[in-house]
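Commentary on secondary and tertiary structure
Below, each chain spelled out in residue letters.
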Protein chains: 2
Amino acid sequence: MKKATKTIGNTVRIGVIGTGNMGSAHVRNIESGAIPRAKVTAVCDIDPTKMEKFSGDYRKFTDSRELIRSGEVDAVIIATPHYFHTTIGIDALDNGLHVLTEKPISVHKADAERLVAAHRRNPKLVFSAMFNQRTNPQYAKIRKIIQDGELGEVTRINWIITDWFRTQYYYDCGDWRATWGGEGGGVLLNQCPHQLDLFQWMFGMPAQIRAFCDIGRFHNIEVEDNVTAYMKFASGATGVFITTTGEAPGTNRLEVAGDRGKIVLEGTGGPIKWLRNTVPTAEFRAKMPEMWARPEAWDVTIPAAGGGEQHTGILKNYVNAILDGVPLIAPADEGLNAVELANAMLYSSFTGKTVDLPLDPAAYERHLKKLIRNSTFKKAVNHDTSAKEVDMTASSTAFKK
Amino acid sequence: MKKATKTIGNTVRIGVIGTGNMGSAHVRNIESGAIPRAKVTAVCDIDPTKMEKFSGDYRKFTDSRELIRSGEVDAVIIATPHYFHTTIGIDALDNGLHVLTEKPISVHKADAERLVAAHRRNPKLVFSAMFNQRTNPQYAKIRKIIQDGELGEVTRINWIITDWFRTQYYYDCGDWRATWGGEGGGVLLNQCPHQLDLFQWMFGMPAQIRAFCDIGRFHNIEVEDNVTAYMKFASGATGVFITTTGEAPGTNRLEVAGDRGKIVLEGTGGPIKWLRNTVPTAEFRAKMPEMWARPEAWDVTIPAAGGGEQHTGILKNYVNAILDGVPLIAPADEGLNAVELANAMLYSSFTGKTVDLPLDPAAYERHLKKLIRNSTFKKAVNHDTSAKEVDMTASSTAFKK
């Protein structure tokens, strides 16, 4: 294992691995100077034409192993297709590099455990995940309200996040998209890792999941594009998580009922609405000697404006964690939970059964490998977008009200 | 079978059977003159003290069979505990009386089929159900929007109707409440028949139901007070129905996604909000050659104000159907669907399996009878409200925004 910190003075030398849409956006972001004390010193893509657009003063690699061993970088950003987050992440950590990985951290739980184990072997390295929606002030505030006990015990959660509309054209761009072999899933693995991470961040992990996933309901794809998941927590709280890439205009509405009332966040621009009970519901329910009485609720508006720093915020935090030891906004080890939730939803749907958490990682890996092995889906890749620049900010609901 | 129509001139002589809270409200409503051409000529309750409050010029019975055979009435209103809706309804229909029954029309599907069969034997009799929320202009308008094809094919429904808060005191009033033997269920049989009826009225019946019911989660009762139900339609549409009597302040929010956008109704006061796609979603999804494009949606506000005529509207319609042959707002035969939905949700939860509709009525009846037989729940009836008048309008969300 190499030495963990080998920055040049006060600058982190970053290698970006995978220079498709997202990786290119990160390179541009750092080049723009938006991330103090960070410098791109190397890029890597298996397709060299994808790196032609870069004119910066850095080395170009077509093999991540060479970049990792080049001595040119202190830290990497992994923005490859999902499966490689695990393999490249492990290689980078075991070679003494800090890692920031795109979401999901892995495709399935067994891989996520392998990746997290590599970090456990190299605990001094910074290991961050691009859960940029953690920078949305709304979610952070709801999390704090719950952790502070302001809302009392959470009793019910309903998150409708159907605001991930995708055209068939989107799926036809790139042969890895929306395949078991290429992504290991659909909306749960590509779009929803954000919300699944936020979900477990705010509410913790449920004890059971029963989900219903429709395969290619709205698109010609072999993976899920429509999901309804029911969750039960050890506390007795229930949750529903609904997502799809087929609906327009979609909904992004999070409702959280607790003993002190109900919080609703629509969209991500804020504010947070809270109908706050003056008397805790459980106490009122048990003690009020009237048939039709209801606790008085105050209409509270909690300020939480704006979209947060998003990718820039996570990149800055990554650099500050490396140089100054500040805590991470999104430690990648926690990214295992979003993977587990996605896997459990798919597994429940495929088996037609309720899945108890923690999920058996080996069982799910076998299931997924079988799906890959048995896949007969012929992808029609109609559009060559390999050299096309796409504005990735449009891919995220984080920027929209 | 007696002659179906035997009104005195132009007035319907009505017997109200069951003079608890709801039945008494109907007597008062008719006595007030709000229902033209209707007259209460008889009342019936097994507990004669419940009829002491009535000073009107009508016969009092303690046996519904005597009222039905008395020759004093052309029509009955049945407002007894649920199980008797079936037995008294059949007796009334088979003795030539028109019937308006409180909801649910029966406790379980087999009983509902028996009741509907009695109407089929006596097809000229008017057989109506007290689904007063069908008079809410909002639901009628959403139904029409869907039936007219304005919204296109419905793809997803989400109804959170947790606005049925009840105190423990409520459940402790009356020994039949919230027991398998007395009500045959909890929130699904007592509070939600309204929404279950509206659901099938607007969207039709699903093909499958998987539901999760919590028994006595928020109250000391032996039946369900917290429900999450997933539904799948033959069309592929999915639905979620969430209800509880434990939450405050609750939610009443109906969201319907279709090929032409999304309709949202919050509360029941209106208006209806519609984000209307200028291009159908399916067409846009399939044909738009762009990765991130979304169909343009117009923000449409559909006027539908007020709470409708509610109980008065259903009572007037009952009389007009008897005297003038006008169509019923809520034919009781259709009430079978709400019973079937409630039963299927409970059955799915108890068996831990997805229930295919139509539900096997005999299987569910056996299941319910077993629950009744095996019940060991000791109800603590702490409060004598037998002589207490209660304002039933407070029991319905129909009157609240």
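Residues numbered from 1 in each chain as written. Chains lettered and ligands numbered in written order. Predicted model: local features only at pLDDT ≥ 70, side-chain atom pairs only at ≥ 80, totals over all residues. Heavy atoms only, no water.

Let us now look at the pattern of salt bridges. Residues and elements named next belong to chain A. For the structure on display, the rule yields 42 salt bridges over all chains. Taking the shortest distance from any N to any O, the salt bridge between Asp197 and Arg134 comes out at 2.7 Å. Linking Asp197 in helix 7 (residues 193-203) with Arg134 in the loop between strand 6 (127-129) and helix 5 (137-147), this pair joins segments that are 63 residues apart in sequence. Note on Asp197: relative accessible area 0%, which makes it buried. By relative accessible area, which is 4% here, Arg134 ends up buried. The shortest N-O distance in the salt bridge between Arg156 and Glu255 comes to 2.5 Å. Taken together, the residues span a long stretch of sequence, with Arg156 in strand 7 (residues 154-161) and Glu255 in strand 11 (residues 252-258) at a distance of 99 residues. Accessibility classification places Arg156 together with Glu255 in one group, the buried group. (Salt bridge = Lys/Arg side-chain N within 4 Å of Asp/Glu carboxyl O. Helix = DSSP H or I, 4+ residues; strand = E, 2+ residues; numbered from the N terminus. Buried < 20%, exposed > 50% of the residue type's maximum accessible area, 1.4 Å probe, protein only.)

Further remarks concern the sheet that holds strand 5 (residues 98-101) of chain A. Residues and elements named next belong to chain A. Taken in spatial order, the six strands make up an open sheet running 3-2-1-4-5-6, and their pairing is parallel. Sheet topology places strand 3 (59-61) and strand 6 at the edges, where each strand pairs with a single neighbour. The mean angle between the axes of side-by-side strands here comes to 25 degrees, regardless of whether they run parallel or antiparallel. Where strand 1 (residues 12-17) meets strand 2 (residues 38-44), six bridges bridge the pair, whose relative direction is parallel. Its bridge partner lying in strand 2, Ile17 is registered against Cys44. Where helix 9 (residues 310-324) meets the sheet, it contacts strand 1, strand 2, strand 4 (75-78), strand 5 and strand 6, and its direction lies at approximately 165 degrees from that of strand 5. (Pairing = 2+ DSSP bridges. Axes fitted to C-alpha atoms, helices over the stretch in contact; angles between N-to-C directions. Contact = heavy atoms within 4.5 Å.)

All names here are of chain B. The element helix 7 (residues 193-203) is largely enclosed, with a buried count of eleven among its eleven residues. Structurally, helix 7 contributes buried residues whose contacts are with helix 5 (137-147), strand 7 (154-161), strand 9 (224-232), strand 10 (238-244), strand 11 (252-258) and helix 10 (335-351). Of the residues one or two after helix 7, Gly204 is the one with positive phi, at around 80 degrees.

Turning to the packing of helix 10 (residues 335-351) of chain A against helix 11 (residues 361-374) of chain A, a few remarks are in order. For any two helices packed against each other, one specifies the crossing angle of their axes together with the interaxial distance. Residue and element names in this part refer to chain A. Viewed as axis vectors pointing N to C, helix 10 and helix 11 meet at an angle of 70 degrees, and their least axial separation amounts to 11 Å. The pairing of helix 10 with helix 11 is recorded here as roughly perpendicular in orientation. Both helix 10 and helix 11 take part in a crossing whose hand is left-handed. Together, Asn343, Leu346, Tyr347 and Phe350 of helix 10 and Ala363, Tyr364, His367 and Leu371 of helix 11 make up the contact between the two elements. Tallied by class, residues from the contact of helix 10 with helix 11 come to six nonpolar, two polar and no charged. (Parallel < 35°, antiparallel > 145°, perpendicular 65-115°, else oblique. Left-handed = near helix turned anticlockwise from the far one by under 90°. Nonpolar A, V, L, I, M, F, W, Y, C, P; charged D, E, K, R; others polar.)

According to the stated counting rule, one finds 24 aromatic pairs over all chains in the structure shown. A ring pair is formed by Phe199 of chain A and Phe241 of chain A, whose centres lie 6.3 Å apart and whose planes are at 90 degrees; its orientation type is edge-to-face. Taken together, the residues span a long stretch of sequence, with Phe199 of chain A in helix 7 and Phe241 of chain A in strand 10 (residues 238-244) at a distance of 42 residues. A single burial state applies to Phe199 of chain A and to Phe241 of chain A, both of which are buried. Arranged with centres 5.2 Å apart and planes meeting at 70 degrees, the rings of Phe199 of chain B and Phe203 of chain B form a pair that is edge-to-face. One end of the pair is Phe199 of chain B and the other is Phe203 of chain B, both in helix 7 and four residues apart, which spans about a single turn. Three or more aromatic residues joined by ring pairs form one cluster here, namely Tyr139, Trp159, Phe199, Phe203, Phe233 and Phe241 of chain A. Cation over ring: Arg166 of chain A sits above Tyr170 of chain A, and NZ or CZ is 5.0 Å from the ring centre. Lying across the ring of Tyr170 of chain A, Arg177 of chain A places its NZ or CZ 4.2 Å from the centre. (Phe/Tyr/Trp six-rings, centres within 6.5 Å; stacked < 30°, edge-to-face > 60°. Lys NZ or Arg CZ within 6 Å of the ring centre and 35° of its normal.)

Another point: the pairing of strand 2 (residues 38-44) of chain B. Of all seven residues in strand 2 of chain B, six are buried; the element is thus mostly enclosed. The parallel pair strand 1 (residues 12-17) of chain B and strand 2 of chain B is bridged by helix 1 (residues 21-31) of chain B, and the resulting crossover is right-handed. (Right-handed = clockwise from strand over helix to strand, strands pointing away.)

Membership of the largest hydrophobic core comes to 114 residues, with the highest contact counts inside it found for Leu188, Phe241 and Met345 of chain A. When residues in this core are grouped by element, the largest group, nine residues, is from helix 10 of chain A. Not counting residues within four places of it along the chain, the set of residues in contact with Leu188 of chain A comprises Pro193, Leu196, Cys213, Glu224, Val227, Thr243, Ala342, Met345 and Leu346 of chain A. Judged by nonpolar contacts, the second largest core, of 111 residues, contains Ile105, Ala178, Phe199 and Met202 of chain B. (Core = buried A, V, L, I, M, F, W, Y, C linked by side-chain atoms within 4.5 Å.)

This part takes up the pairing of strand 10 of chain A. Residue and element names in this part refer to chain A. With seven of seven residues buried, strand 10 lies mostly within the body of the structure. Alternating positions in strand 10 separate into two faces, Thr238, Val240, Ile242 and Thr244 on one and Gly239, Phe241 and Thr243 on the other, with burial throughout. As paired strands, strand 7 and strand 10 are joined by six bridges and run parallel to one another. Among the inter-strand pairings, Ile157 is bridged to a residue of strand 10, identified as Gly239. Strand direction decides the pairing type here: strand 9 (residues 224-232) and strand 10, joined by seven bridges, are antiparallel. If you follow Met231 over to strand 10, its bridge partner there is Gly239. Two successive antiparallel strands, strand 9 and strand 10, enclose a turn made up of five residues, where Gly236 displays a positive phi of approximately 100 degrees.

The quantities given are spatial measurements derived from coordinates; they are silent on function.
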